[in-house]
Structure formats: structure tokens, C-alpha cells
Amino acid sequence: HFKGSADFQAQLPGVFFYYDLSPIKGYFQPDVGGETIPVAQGELSDLAGDEPLFKALYQWFLDSGGVYKLAFGPKAFIVVSDPVVVRHLLKENAFNYDKGVLAEILEPIMGKGLIPADLETWKPRRRAIVPAFHKAWLEKMVAMFGACTQETIRSLDSLTADGQGQTDMEEVFLSLGLDIIGLGVFNYDFKSITKESPVIKAVYGVLKEAEHRSTFYIPYWNIPITKYIVPRQRKFNADLAVINACLDDLIAQAKQTRQADDVEALQARDYSKVRDPSLLRFLVDMRDADLSDKQLRDDLMTMLIAGHETTAAVLTWTLFALLTHPSAYAKVLAEIDSVLGDKTPSIEDMRAMPYVRCALAESLRMYPQPPILIRRALADDVLPPPLNGDPSGYPIGKGADIFISVWNLHRSPHLWKDPDTFRPERFSEINSNAAFNGAWAGYRPDAQGSSFYPNEVASDFAFIPFGGGARKCVGDQFALLEATVALTMLLRRFTFQFVEGPESVGMATGATIHTANGLKVKVQRRSVESSSVGAEAQEIALTA
Ligand code: HEM
């Protein structure tokens, strides 16, 4: 159904079209086994234009259903937008899938880090890394988030010294996110809010290349000679060398000062006295730790990349959504003023700000980061029937490539009322999304699993901002707490207004959803009645 067009291929985010460009290996597998899956009807030219790919996949979802296939020549990939099928892929039969195309792209950058890792590498690493994200550490991190946000406040203060300034908040959030992830993961202060360093430049260079690779359809970087002749390849390798030297140094220092202990003892450390609370310290100090430099470096690099842009993107789109929805913005501010005042938030404060938490969740629903998750079948499987699809399900073959469209799932008209409307209140409305075909229970805020933010458990896989099942994000709580601290402290102290209006912001994709032109805003110091500071925590009614 699809005729390749250079224009179209060049703008495909996260998709790699390859026809007969041998000897370069194509990313996708031939169409295997999915004969009964509906094939989306359309032409590639339907996709051409300024729209990001995930938006085009949405139209086909509406036309062709929760499981459909895009075929091009002998190759194909399956697009999944249905909670029952997503639950099967992420949870019920998760070990039948690996990261396929994504692993191939990320391997040169993250090696065998947790995100791209094959199952055999993944199992012991996941077991080692999860305990490092424990409660006392998260509490320590929350204090660090506050200190880093203070630094951002100082820099915005100098910008607004004459009353009002202008800035690109997407960039501000990226700097803040980088400083936070550097400190959290390896106790390294990038100080990117206040300065530029060769390491920061190299990190941005590598991130840019990761993005380029996930939007370029020919994996030319797999051809050995390109690393000498293609300028961006040379730069990429030089950037990687700078970061690796920095990481190797930090790893060596951590090893020199290693104090091995049991996991329980490490978790019970008095974090008010711990000088280096980083994940690296924990991973090195764990008794029986895997201390190979390569594995540690891959894990650190993975967390640096996974935790930086994602959180910055969440903050960017949350601010965008609030600026375009004044009534939600007003409720968020009222809650911040009444619960927090000028304090640096603690975890308890965040518990007392349900509307802020729902606003962040709503931003993650409408702008999921990343908008598409990628899988490849390791063996034949049968996808369960989607909510309104063929009741016999869909057999697929080993090697089948699958895109889980989180964007489609989160904007499905079958699951969400007014899916394109930003409405944080929806997360407090029990079973408001009415069972669809009796198979899906709807969102249940009373069943939120271990998190006090809305999650995939409460929504039975209709809301998966951090994935779900075995390969769910390990940094979900870290990221949500970070976003809440940064958002509340900044909104308390500054007012923001679009410089040119919401239309000028635009949308583009890479690994996460970016703005096309930055989130350019006018910033002003906010004057708040001191009487609201320190006021009793007060729940804001979540219903509209
Ligand atoms: C995995 C989202 C922040 C580390 C994932 C996945 C998603 C996600 C959707 C699942 C990918 C898949 O199933 O293919 C996010 C979002 C974040 C965020 C939206 C910010 C708001 C972080 C942070 C860290 C992190 C801060 C680390 C400090 C990871 C790792 C994995 C992962 C290591 C792989 C887990 C595994 O395969 O076992 N993330 N993430 N993420 N994330 Fe995050």
C-alpha cells in the first residue's frame, strides 16, 4: 500500500524505511505471520506534510482499529493502540518481546544498558538497579531537586531584574533536567544552568545524534568507514569519547572508595550524612556487584539519557498546557499557594497537592514521552482480541515488529472522554470512562498501586506514561517528584506568558515530543500575598 517517497522517509520519526539499499541492513523484519491483521489503507503521501508520524498513525487507528498493519514492499510493522493488547505485550507475555529496532539504534550509545538490553543481560541488571531507587534515596533526591530548582530561580531572577524578561522554557527545563540527572545518577554537577562545559556540549551532541538516528531511515552509521568520513559521525565519536572519559573517571573514583555492604544495609544508610548519594555509589557498593567498567558505563549512560530529556519534555508540555488552560492553571496555583507557599516541597507536600499531580498526569496523557514504544517478537504469538476487534485475536510470527502507540492509547475516544481536552479532573472521576464492551474497567483512582500519581495499574493499561510490566521505567517516581518540585517552585515565583501565542510553539518529534520553535515566554516575578504562605494544606476539589 505504501510507495516510498524520499520526502516522507526523511521525516519519519522513529521509523526506518529501507528498500533495496544493500549492503546496508534494513531495520525492519519482513511481514511475518500477521496475515489476519487489518492493513491500513493509505498512501505514503498521506503522511507527507508537517505532521509528526504519531499523529498520522492516529488517523489510521480511528479508521482501522486497535491493531493494524502498515505494509511496505515485503516489510511491515504492526501498530497497537488498544489496552488489552498493550497489557499482553508489556505484562502478560512481556518476555516474548525485546526492543528490536530500538536496540539496534541505541546500542552504539547505551551498549547493554537497561533500555536496549536483551533479556539475558537485562534480568540481573534490573535486579541490581531497582533497589537503588529506594525510599530514603528518593527523599534525599527531593531535597536535591529543590536546590537545583533554586539555581534556576536565581537565573530567572537575574533575567527579570528589570521587571520582565524573555526566555525559552524548553531550554531552561533541559538545563535543569541535566543538572538533576547528573547529580542523581553519578553525583556530578554539570552546572548547566550557569555555565557551558565540554562535557555538557558532548552530552548534548550525543543526545542530538541519538535523536537523529531515531529519525533517519538508513542506518549508515553501521558501516565502519563512516566513522572516519562522515563529519557528524566523527563528531559523535569524539563526543562519546569525552563522556566516556568523564564516566570512567567517576567509576574509578567510586571503586577506589568502595565500601561493600548488603542491599538492606545500603538502603538503611543515614542519607542526611551520606556525602555521595548517587546511584553509581549504590551500584558499586552493593555486595556481589557487577563491577565491570563497561556495564556500569552503559547503565549510567542509559539513565543519563533516559532521565534527562523525558522529564524536561514533561515540564515543557505541562507549562504549555497550563498556559493554554487558564482555569486549570488557576487551580494549580491555588493549590501551590495554599499547600506550599515558598517552601521547598517535601514528599508529604506533594501528597497534599492532588490537583498538581493530576495536571502532570494529564500532560503525560496528552504528550507521552516517548509517544511510541517499540518491540520485536522473539517467538510466534497470538495477540489477544482488541476491545472491538476480531474475537479470535491475531497470530503473529517470530520477528514481527510492533509499535505500541502510547499517543493513540492516551487519546483513544474509546477510553477517554474528550481525549483532546486537557482536563486534570478526569483522573479523579471513578470509572468515568465506562467499560468498553464490558472488557475494560475504566480508570480507578482508588486502585493506584504503589504510586500516588495516576498510573497503568489504576487504568488497566489505558494510561501507560512509564510503560508497564517487567520493563516499566525504573525512574518513574524520581521523574514525577522532580517534575512536581520544579513545576511548583517555578509557578509559585514567576508568571509566564507566551511571547507570540500557542500556535507559534509547534510540535516536532525525536525520542520525545519537542516543540518546533521552543517554548518562548515572557517571565515576570509573581507577587503573592504572604498570608497564603504556610497556610494549612487544603485539598482542592478535583471535580470541575
Ligand atoms: C524505561 C518513560 C524518566 C530510566 C522507560 C519506559 C518509559 C519511560 C515509557 C518504558 C520503555 C519501554 O517499555 O520500551 C519515562 C518518562 C520519564 C522517565 C516519561 C520522565 C518523566 C526516567 C528517569 C530514569 C529513567 C529519571 C532514571 C533515572 C529508565 C530506564 C528504563 C526506562 C533505565 C528501562 C527499564 C527496563 O527496561 O528495565 N521510561 N522515563 N527514566 N526508564 Fe524512564
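Residues numbered from 1 in each chain as written. Predicted model: local features only at pLDDT ≥ 70, side-chain atom pairs only at ≥ 80, totals over all residues. Heavy atoms only, no water.

1. Topic: the overall build of the protein
Our working definition: Helix numbers and strand numbers start at the N terminus; a helix is a DSSP run of H or I with at least 4 residues, a strand a run of E with at least 2. Residue exposure (1.4 Å probe, protein chains only): buried if accessible area is under 20% of the type maximum, exposed if over 50%, otherwise partly exposed. By the convention used here, residues are in contact when the closest approach between their heavy atoms is within 4.5 Å. Calculation of accessible area relied on Shrake-Rupley with a 1.4 Å probe; when residues are assessed, cover is drawn exclusively from the protein chains displayed.
When its secondary structure is counted, the protein shows 18 helices and 12 strands. In the protein, which comprises 544 residues, the proportion classed as buried is 60%. By sequence separation, contacts in the protein at least 24 residues apart represent 75% of the contacts at least 6 residues apart. With an accessible surface of roughly 21600 Å², the protein has 53% of that area assigned to carbon and sulfur atoms.

2. Remarks on the site of the ligand
Let me state the cut-off plainly: A cutoff of 4 Å decides nearness: a residue is near a molecule or strand if any of its heavy atoms lies inside that distance of it. A 3.5 Å cut-off defines polar contacts: any pair of N or O atoms within that distance qualifies, except that in protein one atom must be a possible hydrogen donor and the other a possible acceptor, and neighbouring residues in sequence count only when both atoms are side-chain atoms. In this classification, the charged set is Asp, Glu, Lys and Arg, the nonpolar set is Ala, Val, Leu, Ile, Met, Phe, Trp, Tyr, Cys and Pro, and all remaining amino acids, among them Gly, are polar.
The full set close to the ligand counts 27 residues, and Trp122, Arg126, Gln369, Arg375 and Cys473 are the nearest of them. Contact distances for the ligand include 3.3 Å between an oxygen atom and a side-chain N or O atom of Lys99. Contact distances for the ligand include 2.6 Å between an oxygen atom and a side-chain N or O atom of Trp122. Contributing elements (two or more residues each) for the shell around the ligand: helix 5 (119–129), helix 13 (293–324), strand 5 (372–377) and helix 18 (476–493). The element that contributes the greatest number of residues to the shell around the ligand is helix 13, accounting for 5 residues. In terms of residue class, the shell around the ligand is built from 16 nonpolar, 6 polar and 5 charged.

3. Observations concerning the environment of Lys201
Structurally, the position occupied by Lys201 is in helix 8 (residues 198–213). Among the residues examined, Lys201 registers a relative accessible area of 52% and is labelled exposed. In the structure, Lys201 is positioned 174 residues away from Arg375 in sequence and 31 Å away in space, judged by C-alpha atoms.

4. Things to note about unusual backbone geometry
Residue Pro370 is bonded to the preceding Gln369 through a cis peptide linkage, with omega at 0 degrees. Its place among the elements puts Pro370 in the loop between helix 16 (354–366) and strand 5. Positive phi outside glycine occurs at Asp460, with the angle close to 50 degrees. Relative accessible area serves as the criterion here: at 23%, Asp460 is assigned to the partly exposed category.

5. Concerning helix 7 (residues 169–186)
Put simply, the rule reads: In this scheme, a helix's expected span is set at 1.5 Å multiplied by one less than its residue total.
Spanning 18 residues, helix 7 covers 26 Å between terminal C-alpha atoms, matching the ideal 26 Å at 1.5 Å per step. Of all 18 residues that make up helix 7, 17 are buried, and the element is covered over most of its length. Taking the backbone nitrogen of Glu170 as reference, a side-chain oxygen 2.9 Å away marks Asp168 as the first, capping residue of helix 7. Directly after helix 7, the chain includes Asn187, whose backbone phi takes a positive value near 55 degrees.

6. Some details on the nonpolar core
How we decide: Residues enter a nonpolar core if they are buried and are Ala, Val, Leu, Ile, Met, Phe, Trp, Tyr or Cys, with the set joined through side-chain atoms within 4.5 Å.
Ranked by size, the top nonpolar core spans 163 residues in total, and within it Leu491 and Phe496 carry the most contacts. Ranked by residue count, the leading element in this core is helix 13, at 15 residues. Those residues within four positions of Phe496 in sequence are excluded, and the remaining contacts are Met169, Leu319, Leu323, Tyr329, Leu490, Leu491, Val521, Lys522 and Val523.

7. Describing the confidence of the model for the protein
For clarity, the threshold we go by: The predictor attaches a confidence to each residue, and that confidence, scored 0 to 100, is pLDDT.
Mean pLDDT over the protein works out to 84, with 82% of the residues at or above the 70 mark. Overall, residues 1–26 carries pLDDT values under 50, and its contacts beyond four positions in sequence, including any with other chains, amount to 77 contacts. Per-residue pLDDT stays below 50 along residues 434–439; that stretch engages in 7 contacts with residues further than four places along the chain or on separate chains. In the predicted complex, the global pTM is 0.89; the interface-specific ipTM is 0.99.

8. Overview of the sheet that holds strand 9 (residues 494–498)
Adjacent strands of a sheet pair through backbone hydrogen bonds, lying either parallel or antiparallel. The following threshold applies: When DSSP finds two or more bridges between two strands, those strands count as paired. To get an axis, fit a line to the C-alpha atoms, keeping to the stretch in contact for a helix; angles then go from 0 to 180 degrees between the N-to-C directions.
The 3 strands lie next to each other as 4-12-9, forming an open sheet whose pairing is antiparallel. Each edge of the open sheet carries a strand with a single partner, namely strand 4 (164–168) and strand 9. In this sheet, neighbouring strand axes are inclined to one another by 35 degrees on average, regardless of whether the strands run parallel or antiparallel. Where helix 7 meets the sheet, its contacts fall on strand 4, strand 9 and strand 12 (520–525), and the angle it forms with strand 4 comes to roughly 70 degrees.

9. Considerations on the environment of Gly111
With respect to the helices, strands and loops of the structure, Gly111 is situated in the loop between helix 4 (100–110) and helix 5. Residues Gly111 and Gly177, spaced 66 residues apart in sequence, show a C-alpha to C-alpha distance of 23 Å. Setting aside its immediate chain neighbours within four residues, Gly111 contacts Leu106, Pro116, Lys294 and Asp298.

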